[in-house]
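Examination of the molecular architecture
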Number of protein chains: 2
Amino acid sequence: MSKLGLTSEASITLTAVPGFPEVRPGDDVAELLLAALDAAGLALRDGDVLAIAHKVISKAEGRQVELGKVTPSQEAHELAAQTGKDPRLVELILRESVGISRMRPGLLIVRHRLGFTSANAGIDRSNVAQSGQGETVVLLPLDPDGSAARLRQAMQERWGVRVGVLITDSHGRPFRLGTVGVAIGLAGLPALWDRRGEPDRYGYRLQHTEVGTADEIAAAAGLLMGQAAEGRPVVLIRGLQLPPIEGQAGDLIRPPELDLYR
Amino acid sequence: MSKLGLTSEASITLTAVPGFPEVRPGDDVAELLLAALDAAGLALRDGDVLAIAHKVISKAEGRQVELGKVTPSQEAHELAAQTGKDPRLVELILRESVGISRMRPGLLIVRHRLGFTSANAGIDRSNVAQSGQGETVVLLPLDPDGSAARLRQAMQERWGVRVGVLITDSHGRPFRLGTVGVAIGLAGLPALWDRRGEPDRYGYRLQHTEVGTADEIAAAAGLLMGQAAEGRPVVLIRGLQLPPIEGQAGDLIRPPELDLYR
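Cut-offs and rules
- Residues numbered from 1 in each chain as written.
- Chains lettered and ligands numbered in written order.
- Predicted model: local features only at pLDDT ≥ 70, side-chain atom pairs only at ≥ 80, totals over all residues.
- Helix = DSSP H or I, 4+ residues; strand = E, 2+ residues; numbered from the N terminus.
- Buried ≥ 20, exposed ≤ 12 C-beta atoms within 10 Å, placed from the backbone.
- Contact = placed C-beta atoms within 7 Å.
- Nonpolar A, V, L, I, M, F, W, Y, C, P; charged D, E, K, R; others polar.
- Pairing = 2+ DSSP bridges.
- Arc of directions from axis to C-beta.
- Axes fitted to C-alpha atoms, helices over the stretch in contact; angles between N-to-C directions.
- Least-squares fit on C-alpha atoms with pLDDT ≥ 70 in both.
- Domains from an automatic or database assignment.
- Core = buried A, V, L, I, M, F, W, Y, C linked by C-beta atoms within 7 Å.
- Parallel < 35°, antiparallel > 145°, perpendicular 65-115°, else oblique.
- Left-handed = near helix turned anticlockwise from the far one by under 90°.

**Structural notes on unusual backbone geometry**
Located in the positive-phi region is N120 of chain A, a residue other than glycine, with phi close to 60°. Of note, the phi angle at F175 of chain B is positive, near 75°, even though the residue is not glycine. Looking at the secondary structure, you find F175 of chain B in the loop between β8 (164-171) and β9 (180-187). Under the C-beta neighbour-count criterion, F175 of chain B is labelled buried, with 23 such atoms within 10 Å.

Here you go:
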């Protein structure tokens, strides 16, 4: 690592915060973060960004749902028959969404109430402790931007540091295979970075370049978070050189009327 | 940085290779890379990944085109009228693509001959030296996977290291605003990482998780490459823990017949 330090003015380090515990409803995520960072000898600095897998937030908010306690509507039964999905899961998807984008057997892509278009309204059961009689799934956080802002505020009050907080999910996408990390909540960093009008190396003014900066950070964090048994839901990112823009996740949603693919 | 080193088993460092020169047609990119790394005191190691902005490859291949030397076809004139674009640019877009995906005034999204769906077939003029009478644009590399493989081979022969090579572009996308880095060529690393069947932390077998690993790496590199005058087209990525899968960029293309959004 030492040689890499030579160019630290243009380097970014991502570190999985080790030993982050399983989260239970009602847990104070800020306290858990600070304890894990402290135990690892990691001291936050101004300008750091903490990327947090959304399940950490969802679980603390008690967004786990036992499928056995869900009563599907008639519409859920019909969509379940068409997609081959569990009607109780479809019921939850419908409650979490404002519209169906596409479906086929095995697949139900919806527009989430938060604006994101994704499979199953972001509901899944991986890395969720199973309790009770039936299967337990977890919904997206109620207000990821708000959760990110509260965590950012707590970090500032308790540790005196100004960090960015990013809440992430993994989305599939049209055109390209493979899921990638995306930002579903954020505070203290830009979502989009509009570079239109800036000169390139030859003085040409960029015409179309608006960068999905928060999604690029979320994708980078996804490389460490993993999907399986890694248990690395929190990633500390240092060295980002971001403009002082305070974005929100909704900035990344392409308005339906401007999206040629809806 | 020292404290971050405590958890180096789960950390990733991205470093912009400083002083990478302007590339001219016929340049040996491997030589330029090795010289820039050497000058920066950066020694490659097995398992490193070099992410390279596609323009480096395109320029070395002589893929610059002066618009003044392009004669638009009738079809190009018609599409130019519908989109408000330069007919000569539209001509190049058509030559580089196998089909039009969507268009409206100001926007022409096509399926590139390499399979990617993107605006303007990846052709643009930012960060391109302007020569001659008219505007000069640059096309995508002829065979980005092949270029990546040759660079990987050169690194192994000349420096004795086995590195991954990733050639990147920035794409806009449906549903979400903002461009993000994507992989358009690669060698020595996976494009997709299929984690279906792996257990999560509770023993549940993942059912749908195929990760767009190369795109996540490209997005991470995009954070350093920038879009404007940064002049950081090469990013060294260290600490990735990738499976021994040798992918290709085509792995990331969703087959049209499986894409609900075409």
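**Considerations on the interface of chain A and chain B**
Counting residues at the interface gives 71 residues for chain A and 71 residues for chain B. Elements that contribute at least two residues to the side of chain A that touches chain B include exactly β1 (11-16), β4 (97-104), β9 (180-187), β11 (210-211) and α6 (213-225) of chain A. The greatest single-element share of the side of chain A that touches chain B, amounting to eight residues, is contributed by α6 of chain A. A per-class count over the side of chain A that touches chain B returns 34 nonpolar, 19 polar and 18 charged. The pairing of β1 of chain A with strand β1 (residues 11-16) of chain B spans five bridges and is antiparallel. Bridging from a neighbouring strand, I12 of chain A pairs with L14 of chain B of β1 of chain B.

**Here we look at helix α1 (residues 29-39) of chain B**
Residue and element names in this part refer to chain B. Among all positions of α1, only V29, L33 and L37 are buried. End-on view of α1: buried residues confined to an arc of 65°, all on one side of the axis. Turned more than 90 degrees away from the buried face of α1 sit E31, D38 and A39, all of them exposed. Elements that come into contact with the buried residues of α1 comprise β2 (49-53), α2 (54-60), α5 (144-159) and β12 (234-238). Positioned one or two residues after α1, G41 has a phi angle of 70°, which is positive.

**A closer look at the sheet that holds strand β12 (residues 234-238) of chain A**
Pairing between the strands of a sheet comes from backbone hydrogen bonds, and it takes one of two forms, parallel or antiparallel. Here we have 10 strands laid out as an open sheet, ordered β9(A)-β8(A)-β2(A)-β12(A)-β1(A)-β1(B)-β12(B)-β2(B)-β8(B)-β9(B), and mixed in their pairing. Two strands bound the open sheet, and with one partner strand each, they are β9 of chain A together with β9 of chain B. Neighbour to neighbour, the strand axes of the sheet diverge by 25° on average, direction disregarded. Pairing geometry for β1 of chain A and β12 of chain A, over four bridges, is antiparallel. Within the sheet, the bridge partner assigned to T13 of chain A lies in β12 of chain A and is R238 of chain A. Here helix α5 (residues 144-159) of chain A sits on the sheet in contact with β8 (164-171) and β9 of chain A, set at roughly 65° to β9 of chain A.

**Some words on the relation of the copies chain A and chain B**
Between chain A and chain B, which share one sequence, the superposing operator has a rotation angle of 180° and an axial displacement of 0.0 Å; the RMSD is 0.0 Å. Expressed as an axis order, the relation between the two copies is that of a two-fold axis. An overlap of 100% is found between the interface residues of chain A and their copies at the interface of chain B, pointing to a shared contact surface.

**Examining the sheet that holds strand β6 (residues 117-119) of chain B**
Residues and elements named next belong to chain B. Across the sheet, which stays open at both edges, the three strands sit in the order β4-β5-β6 with antiparallel pairing between neighbours. Strands at the two margins of the open sheet, each flanked by one partner only, are β4 (97-104) and β6. Going across the sheet, the axis of each strand differs from the next one's by a mean of 25°, ignoring polarity. Judged from the three bridges that link them, strand β5 (residues 107-112) and β6 form a sheet pairing that is antiparallel. In the sheet register, V110 faces β6, and the bridge partner there is S118. In the packing of helix α4 (residues 87-96) onto the sheet, the strands contacted are β4 and β5, and the crossing angle to β5 comes to about 25°.

**Some details on the domain arrangement of chain A**
It is common to give the size of an interface as the accessible area that goes away when the parts come together. All names here are of chain A. In terms of domains, chain A is made up of domain 1 (3-62 + 141-255) and domain 2 (64-138). For domain 1 versus domain 2, the distance between C-alpha centres works out to 26 Å. At the junction of the two partners, domain 1 supplies 11 residues and domain 2 supplies 10 residues. Of all the elements in the fold, those that place two or more residues in the side of domain 1 that touches domain 2 are α2 (54-60) and β8.

**What about the nonpolar core?**
If you look at the biggest cluster of nonpolar residues, it comprises 133 residues, and the most contacted ones within it are L166, L186 and V235 of chain A together with L166, L186 and V235 of chain B. Among residues more than four places away in sequence, those in contact with L186 of chain A are D145, A148, V165, L166, I167, A191, A214, G247, Q248 and A249 of chain A.

**Remarks on the environment of A121 of chain B**
Topologically, A121 of chain B is positioned in the loop between β6 and β7 (136-138). Sequence spacing of A121 of chain B and L140 of chain B is 19 residues, and the spatial spacing of their C-alpha atoms is 7.9 Å.

**Concerning the environment of T71 of chain B**
Looking at where T71 of chain B falls in the secondary structure, it is placed in the loop between β3 (64-66) and α3 (74-83). Note on T71 of chain B: 8 C-beta atoms within 10 Å, which makes it exposed.

**Concerning the packing of α1 of chain B against α5 of chain B**
All names here are of chain B. One can describe the packing of α1 onto α5 by two numbers: an axis separation of 10 Å at closest approach and a directional angle of 55°. As summarised for this structure, α1 and α5 are arranged oblique, according to the angle between their axes. Here α1 runs over α5; the crossing is right-handed. Listed contacts from α5 to V29, A30 and L34 of α1 are L151, A154, M155, R158 and W159.

**Examining the pairing of β12 of chain A**
Residues in a regular strand point their side chains to alternate faces of the sheet. Residue and element names in this part refer to chain A. A large share of β12 lies buried, amounting to five of its five residues. Looking at chain direction, strand β2 (residues 49-53) and β12 are connected through four bridges and run antiparallel. For A51, the partnering residue across the bridge sits in β12 and is V235.

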